Amino acid sequence: AISLGPISGTDQFAVFFGDLLANAYAVNAITGALIWKTRVDDHLAAMITGAPTLYSGALYVPVSSMEEATGTPSTYECCTFRGSVVALDGATGKQIWVYSHTPDPAAKNCCGRLSRGLAILGDTIFLASFDARIIAIDARNGRELWKTEPAGDPKQGYAFTHAPLVVKDKVI
């Protein structure tokens, strides 16, 4: 998934996206030239599966993992990955902050520790987590504002596998 937006302080537009090695990219929307590339997480199984979201000059990147598949050898200590959101400067790719979510260890979901994206309303980022929580994060500093379990008990297999959606002033 990709996002398109202006680069602060310039007259350029960039295409923003991530890859399965947890690298976030900005490329010039007209020429395709690389503007920057930043690795957002050093975990072996980290990857970006949702669209990065550009807002007020910052790029918010949801970080996922398929650690369950990586961790199949008996010598691998699963599961150490924590889902996260990384805020980057949209012009330079430099990290501003990181929010990490420690999932419920008893959560049993179908699809791994994936994040399909974020929603933003004002200065609040909304993350739908793989352990069935909606988490509100302050976009300015990465602090958790609140979280709730609207989908049901993650121990029963409930999970979010999609990005939240903002409609007017409501999060769906």
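This is a predicted model, so every value here is computed, not measured.

(A) Quick peek at the packing of aromatic side chains. For the coordinates displayed, the defined rule picks out four aromatic pairs. Centroid distance Phe-16 to Trp-36: 6.3 Å. Interplanar angle 45 degrees. Geometry classified as tilted. With Phe-16 in strand 2 (residues 13–18) and Trp-36 in strand 4 (residues 34–39), the pair connects residues that are 20 residues apart, well separated along the chain. Overall, the relative accessible area of 0% leaves Phe-16 in the buried class. Summarising the aromatic geometry, the rings of Phe-126 and Trp-146 are spaced 6.0 Å apart at their centres and angled 50 degrees between planes, so their arrangement reads as tilted. Taken together, the residues Phe-126 in strand 11 (residues 124–128) and Trp-146 in strand 13 (residues 144–148) connect sequence positions 20 residues apart.

(B) How the structure looks around the pairing of strand 2. The pairing of strand 1 (residues 2–6) with strand 2 spans five bridges and is antiparallel. Of the residues in strand 2, the one forming a bridge with Ile-2 is Phe-17. As consecutive antiparallel partners, strand 1 and strand 2 are separated by six residues, and within that stretch Gly-9 has a phi angle of approximately 80 degrees, a positive value. Bridge analysis of strand 2 against strand 3 (residues 23–28) gives five bridges, and the strand direction is antiparallel. If you follow Gly-18 over to strand 3, its bridge partner there is Ala-24.

(C) Highlighting the sheet that holds strand 4. Strands sit in the order 1-2-3-4 across an open sheet of four strands; the sheet is antiparallel. Looking at which strands have only one partner, the edges of the open sheet turn out to be strand 1 and strand 4. Pairs of neighbouring strands in the sheet enclose a mean axial angle of 20 degrees, with direction left out of account. Two elements, strand 3 and strand 4, share five bridges in a ladder whose sense is antiparallel. Considered in strand 4, the bridge of Tyr-25 is made with Lys-37.

Reading guide: rules and limits
Residues numbered from 1 in each chain as written. Predicted model: local features only at pLDDT ≥ 70, side-chain atom pairs only at ≥ 80, totals over all residues. Heavy atoms only, no water. Phe/Tyr/Trp six-rings, centres within 6.5 Å; stacked < 30°, edge-to-face > 60°. Helix = DSSP H or I, 4+ residues; strand = E, 2+ residues; numbered from the N terminus. Buried < 20%, exposed > 50% of the residue type's maximum accessible area, 1.4 Å probe, protein only. Pairing = 2+ DSSP bridges. Axes fitted to C-alpha atoms, helices over the stretch in contact; angles between N-to-C directions.

Scope: geometric values only; no functional claims are made or implied.
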